[in-house]
Structures are given as C-alpha cells and as structure tokens.
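Architecture and fold: a report
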Amino acid sequence: ISEAILRAKPLRDPLEDRREISSWVHRCPNTMFDALKSKLWEKAEDKLFDDKKKKGDDEESQKHVEVVILTDDEVLAAGRKTRMGLVFISVAMLAFCVGMMGYFAYSLTDVVGGSCDGSQDRYHNYEHCWNLKENWCAQMQCSADGQAMGTAIDPSSLDPADANVCPQGCSICGTEDGQTEKWIAQLQRFDACRERTAKVRECLPTMDYDGSLANYRGYKTAHPSSQQSAAEAFIQRDAFLDACDAQAVYADRREKGGTAVVACIAVCALVWLAMTAYLMRTPNYEKHPRETEMPDLAKWQDRKDYTHRFHPRSAWLYYNTANNLFGFALQLYSFYTPTSTNILVPIFQGAWMTVMVVARGILVFMDYYTLSEAASVFFDIGFSVIGFTAILDPFFEAKITTDLPEADTSITNYALAVRVAAFLWPVISSAGGIKDLYCDVYWPSPATLKAIKEKQKAFQKRAVKISIFVIQLLAALSVYVIMANPRWCHDFRTCQRKTTCDPLEGALLSRMPMDTEVISGNKMQRVEMISDDGTKKWRWQINTQTVLSFTKSGGKVYADIEFAIPNGDVENKVTTPGTNDADNIAGTTPSSACSTRFEIQCHESNPRHAFKSQTGAWDWVAYNSSMYKFIARHDGGETSGESTCFGANTAWWNDNGMFTAGPDLKIGDGDGEDKVGFIFMEQTCDSSDSDLPRGCSNGPDSDTPCRTDNCLVEPSYIASYAPYGRASVTGTWTYTGGDSAPDTWATTQRVFELDVSELRLSTASEQSDGSPPPGAPGSPGAGCGPGEGQTPCAGGEAGAGDNNGCGPGEG
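Attention in this report is confined to the structure presented alongside it.

The rules behind these values
- Residues numbered from 1 in each chain as written.
- Predicted model: local features only at pLDDT ≥ 70, side-chain atom pairs only at ≥ 80, totals over all residues.
- Heavy atoms only, no water.
- Phe/Tyr/Trp six-rings, centres within 6.5 Å; stacked < 30°, edge-to-face > 60°.
- Helix = DSSP H or I, 4+ residues; strand = E, 2+ residues; numbered from the N terminus.
- Buried < 20%, exposed > 50% of the residue type's maximum accessible area, 1.4 Å probe, protein only.
- Lys NZ or Arg CZ within 6 Å of the ring centre and 35° of its normal.
- Expected span 1.5 Å × (residues − 1).
- Core = buried A, V, L, I, M, F, W, Y, C linked by side-chain atoms within 4.5 Å.
- Contact = heavy atoms within 4.5 Å.
- Patch = residues over 30% accessible without salt bridge, like charges linked within 9 Å, V, L, I, M, F, W, Y side chains within 5 Å.
- Areas by Shrake-Rupley, 256 points an atom, 1.4 Å probe, with all protein chains shown as cover.
- Salt bridge = Lys/Arg side-chain N within 4 Å of Asp/Glu carboxyl O.
- Disulfide = S-S within 2.5 Å.
- Axes fitted to C-alpha atoms, helices over the stretch in contact; angles between N-to-C directions.
- Parallel < 35°, antiparallel > 145°, perpendicular 65-115°, else oblique.
- Nonpolar A, V, L, I, M, F, W, Y, C, P; charged D, E, K, R; others polar.
- Pairing = 2+ DSSP bridges.

**Considering the packing of aromatic side chains**
- Here the structure, examined in full by the defined rule, presents 39 aromatic pairs.
- Seen in terms of ring centroids, Tyr 336 and Phe 492 are 5.2 Å apart; in terms of plane orientation they differ by 90 degrees. Their pairing is edge-to-face. With Tyr 336 in the loop between helix H10 (316-335) and helix H11 (344-365) and Phe 492 in the loop between helix H16 (488-491) and strand E8 (517-531), the pair connects residues that are 156 residues apart, well separated along the chain.
- Residue Phe 492 is classed as buried on the basis of its relative accessible area, which comes to 19%.
- Put simply, the rings of Phe 563, Phe 598, Phe 630, Phe 646, Phe 678, Phe 680 and Phe 752 pair up and form one aromatic cluster.
- Directly above the aromatic system of Tyr 250 lies the positively charged group of Arg 253, at a separation of 5.7 Å from the ring centroid.

**Focus: unusual backbone geometry**
- Its identity as a non-glycine residue notwithstanding, Cys 137 has a phi of 55 degrees, on the positive side.
- Secondary-structure assignment places Cys 137 in the loop between helix H6 (129-135) and strand E3 (139-142).
- Even without glycine at this site, Asp 515 takes up a positive phi of about 55 degrees.
- Along the chain, the position of Asp 515 falls in the loop between H16 and E8.

**Description of helix H5 (residues 80-109)**
- Its 30 residues place the ends of H5 43 Å apart at the C-alpha level, agreeing with the 44 Å of an ideal helix rising 1.5 Å per residue.
- Within H5 the residues assigned to the buried category are Arg 83, Leu 86, Val 87, Ser 90, Met 93, Leu 94, Cys 97, Met 100, Phe 104 and Ser 107.

**Notes on the nonpolar core**
- By size, the foremost hydrophobic cluster in this structure holds 46 residues, and its most contacted members are Trp 538, Phe 550, Phe 630, Phe 646 and Phe 678.
- Sorting the residues of this core by element identifies E8, strand E9 (537-553), strand E10 (556-563), strand E13 (594-604), strand E14 (623-635), strand E16 (675-686) and strand E19 (744-755) as the ones contributing at least two each.
- It is E9 that contributes the most residues to this core, 5 residues altogether.
- Contact partners of Phe 646, with chain neighbours within four places excluded, come to Thr 596, Phe 598, Ala 632, Ala 661, Gly 662, Pro 663, Leu 665, Val 676, Gly 677 and Phe 678.
- Counting 35 residues, the second largest nonpolar core, distinct from the first, contains Phe 104, Ala 269, Trp 272 and Val 427.

**Here's the deal with the environment of Phe 104**
- Residue placement: Phe 104 occurs in helix H5.
- Sequence separation between Phe 104 and Phe 388 is 284 residues; the distance between their C-alpha atoms is 9.8 Å.
- The residues touching Phe 104, leaving out its near neighbours within four places in the chain, are Gly 258, Val 261, Val 262, Phe 388, Ile 391, Leu 392, Phe 395 and Phe 396.

**Thoughts on a nonpolar patch on the surface**
- A grouping of Val 358, Ile 362, Phe 365, Met 366, Ile 466, Val 470, Leu 474, Leu 477 and Tyr 480 is seen on the molecular surface, where their side chains present a nonpolar patch of about 720 Å² in accessible area.
- Elements represented by at least two residues in the nonpolar patch include exactly H11 and helix H15 (462-484).
- Considering each element in turn, the nonpolar patch owes the most residues, 5 residues, to H15.

**Here's the deal with the state of the cysteines**
- Here the structure, examined in full by the defined rule, presents 7 disulfides.
- The disulfide that involves Cys 501 links it to Cys 602, with 1.7 Å between the sulfurs. Here the S-S torsion is close to -90 degrees, and the disulfide linking Cys 501 with Cys 602 is therefore left-handed. Note that Cys 501 is positioned in the loop between H16 and E8 and Cys 602 in strand E13, a separation of 101 residues in sequence.
- Classification of Cys 501 as partly exposed rests on a relative accessible area of 27%.
- Taking the relative accessible area as the measure of exposure, Cys 602 reaches 13% and is therefore buried.
- Between the sulfur atoms of Cys 696 and its disulfide mate Cys 706 the distance is 2.0 Å. Because the torsion about its S-S bond is 90 degrees, the bridge between Cys 696 and Cys 706 counts as right-handed. Of this pair, Cys 696 sits in the loop between E16 and strand E17 (707-713) while Cys 706 sits in the loop between E16 and E17, placing them 10 residues apart in sequence.
- For Cys 696, a relative accessible area of 16% gives the class buried.

**Things to note about the packing of H10 against H15**
- Running from N to C, H10 and H15 point in directions that differ by 10 degrees, and their axes come no closer than 11 Å. Judged by the inter-axis angle, H10 sits roughly parallel to H15. Here H10 contributes Thr 321, Leu 325, Phe 328, Leu 332 and Phe 335 to the contact with H15, which in turn contributes Ile 468, Gln 472, Ala 475, Ala 476, Ser 478, Val 479, Ile 482 and Met 483.
- Of the residues belonging to the contact of H10 with H15, the class tally is 10 nonpolar, 3 polar and no charged.

**Re the pairing of E10**
- Most of E10 is tucked away: 6 of the 8 residues are buried.
- Relative to E10, E9 runs antiparallel, the two sharing 8 bridges. The residue of E10 that forms the bridge with Thr 546 is Phe 563.
- Summarising the sheet, E10 and E13 pair through 6 bridges and their orientation is antiparallel. Note that in E13 the partner of Ala 559 across the bridge is Phe 598.

This is the structure:
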C-alpha cells in the first residue's frame, strides 16, 4: 500500500444531491415519493450516525478521497502464503470434525448388542449357574457341567411377608426382619440389569478372579460344588447393581442425545468442507471487483459497507463484538454448569478464557481488528478441542479395568445441552472467522489498511472498548475466584476434594440434638467370614449396651459412642458347609468398656475416592450427604489423647476374637491423614424405640415391625472393599478344643446398626435450641428450687422431695 500510486478524485457537490432530487420529481412522478424517501432516509442516517457535526461535514466535503491503483496479480501474489495457511487450517478443522463424528458414532455403536449369557466367559456370564445360584440365589440347582437347570425364581411372584420364601442356605437371606425384602429387591434390580445389556458398552464382571477388582470383592462361596478357587470371589452385589445402574444412565444419555450430537458434528463438517472449497477457488475480480477508494468512514453509508468491516469505525464491529461476547458468555456459562469428572477440563477452559480476553482486548483497543479476528479463530479452535473432550465424559463410561462404571447423576439434561452448545459454537464461529480473513486478503479495504498504517484511533469509542474489556476480564477472572475458594472450587469441579464440609447438612444429623443421649440400649454387632480355602464359615456376634450422643466443639461435630462389656457369651462359631461339623473360636471377652469420641466428617460417594492411592490425580471427588466418617480421635468425652479402643493394644479387635474396634478399621486417607473408625450411612431400619408406623410391633409374629428413618448403618461394601481393612482378616486362633483354626478369612458380611430412639428425639425436640438436656436445671423434669434455671417453688422453699411438686415438707 505504501508503494501504491495514489490519485485524487473530487467529491460530489452536496448541491447536486438536491438538484438530483428535484430532477427526479419532474421526470418520474410515479416514483417521486419512493426516491424522495430513499434520499431522506440516507440523509437521516448520516445525521444520526456521523461522528462530526455539520461544520465538520462541510469541511469533510471539501476533502478528497484517495484511490489506490494496485493490480490484481499483485494482490493475488501478496495473499498466496496467507491463503495457504487458511486452507491448511480449514482442512485440519474438516479432518477434526470428521474424526470427532466418526469416533462419537463408533462409540455409540460399540455396545454388547445382546445378552450377557453363554457367549461370555464364566466371569462375565450373567446366566451362569454359579452366579445365579451361589451369588443371587435365583436358581435352585445346577447340573454337573455348571449350566443352570431347575426352576428359576421369579421375584415378581415372591411374597415378602412369607419368612420362608428365601431358599435355605442363601447367603443374603438371614433370619432378621427385612432380609427377604432386600433379597427380592436385589433380584428385581438384577433382572432389570439383564434386560438392558444390549445397550451397554460391556458386560459387567460377576466375579473377581485375578485381584484387579479386589475393591469390589463380595460373597465367596463355601461349597466344593461351586468349583470356586481360593483366589476367586463374586463381585459384591450392591457394587454390581450400582455399576449396572450407572451403565443404564450412560445408555439413556446416548439414546436420547447421541444421534443429535453426531448430526450436529456432521453439520460442522459440511460447513468446513464448504469453507475448504471456497478457500481453494480463484478470486473472480471481474464478478466481484476489489475496492479501490479510501473513505474515512465519516458517514454511516460507508460504515455499513461489508468491505470495511475491519476498519476502526466500521459498523460491522458492533456485530463482531456481539458475536464474540456471545461466544465468551457461552463458554463462561458452561464453566458454571460443570459436567466433567476430570478437574483439568474446567481449569483449562477457565485459563483459556482469560488468555483470550486479554489478547483480544489488547488487539481491539489498538484497533488491530484483523489480528483480533485471527486471534478469535485461534481461541475458538482451542475451545472446540476442550469442548469435545468435555462431552465424551457424560456420554461414555470408561472401559472396565480396575474400576466398575460410575455415573454422575447430578448432570442434568440442561447442563449437558449447554456443554454440547459450548463445543459446537466455536467450531462454527471459527469457520466464519476464516472466511472473513480470506476475504480480507483478496478483497482488502484500502481504507482499513490506511487506518491501521496511520494508527488512527476512534477516540469516541475508547470508553466503550475499555468498558467491554473490563467487564469481560472481570468475568474471566471470576473463574480464578472460584478456583481459589475452598468451597466453590469443588462445587465447580476445579479442585479435587472439599476442604470444608459440614456433616450437619445431612438429613439425619441435622435433626440430632446436641449433648443428649439419643441411643441408650442393647445393640447387636455381627460379622460373617469364610476361610480362604472356601471350606469353613465363621460367625461372630455380640450384644452390648450402647450409648450415643453428639456434641459440637471448636466448630466440629463429634459423636461419643460407648460399648459396654458384651452381654452374655460372645458367639464365635465356625461351621463346615455340607457337614454337621461345628467348632468355637477361643476368644477373650474385653474386661472394660470401649468408649470413644469420634470426629464426624463427610464421606465420598465413591468408596475408592476415600483413599488417595485409589484416586486418580485429576479425579473430581463427589460426596454423599447421607454418609459419614466417624474418625476415632480420643476416648469418650475427652478432648485430647489417642483412642484406647482403636489403639494397638485394644481388647476389642481380632487377636481376641473380637471385631468391634481396632487399628485396622481404616476409613480413608484422601486428605493425607490415615484415619480409623467407622463408616455410617443413613437408612431406615427396625427399632424397638419407635412407635411408627401406627400400630406397629416388633413381636415375632408381627407383620408391621416398628421402623425409624433415624438409623445409622455400616454400608455393605465396607466388608468387601480391601482398603477399609475389613475384607481380609488375618491372625492366629485356636478352637476351644485346642486345634488350630485357619489363619486367613474373607469377610462376607458386617452388620452394625445404630437406630436412634424416636422417643428420645421426640423428647429432645420439645426443647428450644440451646436448652439443657433432660434432667438438667431448667429442663422439663428438673423440679423446682433455688438453683440457676430451676423453677421457684410456690411457697418460696426449695423442693426437698422428688420432682413432682414443691412445698415446705418432705415430698
């Protein structure tokens, strides 16, 4: 441009416009009003949008417009390298879209497509007899070659009220209330799982045979007819069913939105295919001549010319600004509606937004709009890569290696739609940017080139530019505020774990009164194990007076739990299935109570995430508001010192044939601290201290046992998930007869329930917040007297008798 030959050409006299209008009125009366309206509208636009006042317009009208004389060959030669770069980007984006479409479409078809039956190996065969008979108790008998035979159990025909409905010997059918209902519910979920295998990506393993799924090991059969080796164990039932439900969530998302996503990516591919063909054509200057004039865009008519869209005073900049703001707002909104379980995705997205805002803001402020458009294309391509990575996670579960499938059910369809839109928009938007850059190369605006060369600034727009830049920058920097806040960073999935979690947010603990005994009664604990060789079963059970209360101290919530010396003998019975042999382990009953103060913390939704070694470096960890870690801190009621019951010399652990409390009861180390204690989850269970539902009874012949929602139970996976320290029990024991017992046992079941008394809660709820516990001065039943908080007696004397009244005499 600097070497171009310039020549002057006079502008039209403004008086000619008025003469022309008058001439049209006389020559074309039929079109007079249309022509007049057109001219008046143009004058109105000039009046409204011109930057300069009338005096300035008069001066401007006397100036000349420069005209550039540059040959077409010179323009083509100058733009050749840029064109090659644009073609390369276009072809790369076309290949990227085709690759994404192909990968996504292939992943949608990569499913089992049938039933998980005999076509699978026996470890993934849902219909195999070992699985149906031994693990699910859904088959009555098996043939010699391991195939199912006999009558299968239909859960829809079972009557939970019939105590004898469970097959004898079924490991999940015990004598306790509710066991039959639990078994039927599991069978129904298992049948539903078998019906939808055609849509899932792979059959779930029913057994762990090589230790790769040791975290999910559950029931281990103890009968030689099952042909199960000592290294094998069934996958824990609840873990299997949860994984099956997770597969159903993914399959449902693919069925509802998978095809639509492929179609949208196909449209993007077509856009880039058309763009590639457009970029490779030779410019036709005869049909579309180049612009040669250099107006300074003082008038609105010049500003809205598409050729000058990158000029600092072009009206097209409003469109470009709105388009870029929309793309930025979409990315920011998708950041605030997270769907990824990998914290790197939102971190990169937030950082990319910040770099984009700063880079593009500087270019716009310097009026380098062509470079700003090129930067927008670059950042849009980055957002499309991040977006595609983000949409894979909610649609496709990972292949099973050492973990079973898990689904983040907090992801709504709306959040998923936002995520898909945040992926598609930059793919399309970048194509428009490439087209603009191509047109700017071969149909350059001399006025724009001159304005950039002379570094002209539209001073009156600087305030708007600065305002838009500041707003975008603050919005982009808000992601760093999110990342820095310990609570918000986890909510928006930019950090792995919560650093602050209030267990009182849980439904049960939020109802618990502080400093009040909510449990004081006899509670049962039971553990069932099977020897490592699969030939013997060990059943341990105690009954002990148990007391539970909650307190707050130093901003933390604590629970004081005391187990009295077990009532009666400790059951330590070992049986040999298939025979009448029975022995008893020679254990030692503790001589003192076990009283411990536990700090209560939130528990992870995925048991694997409770342990740092089992959690991926970039995994986002979700928490279950109805599950709690009871971390053994001190002895009961103390605020310092280690817990005696969970120490190395405890009398309540397996060396003495006890399984209540000990140093091996791990509950997690995700935050770097190795914790021991209990894991509890909220559940409905039977309760002798409840009168709900109305007319209930816990008698042996009752059809309506009394239940309570205020129940804490140990989750079933605690017994089989190896890192918790309960799955395998190792030690040296002898039978009461003197013979040695097996030294390695696999835990199949742990039963530990703490049902909070409805009656005690009812009494506690009658007190206002901050009231002392029952029996304390000022509380109901405290009587009258001169003490602080006590009710004055009617006669002004202290009550010398019981709490039933007051008076001057005894009683």
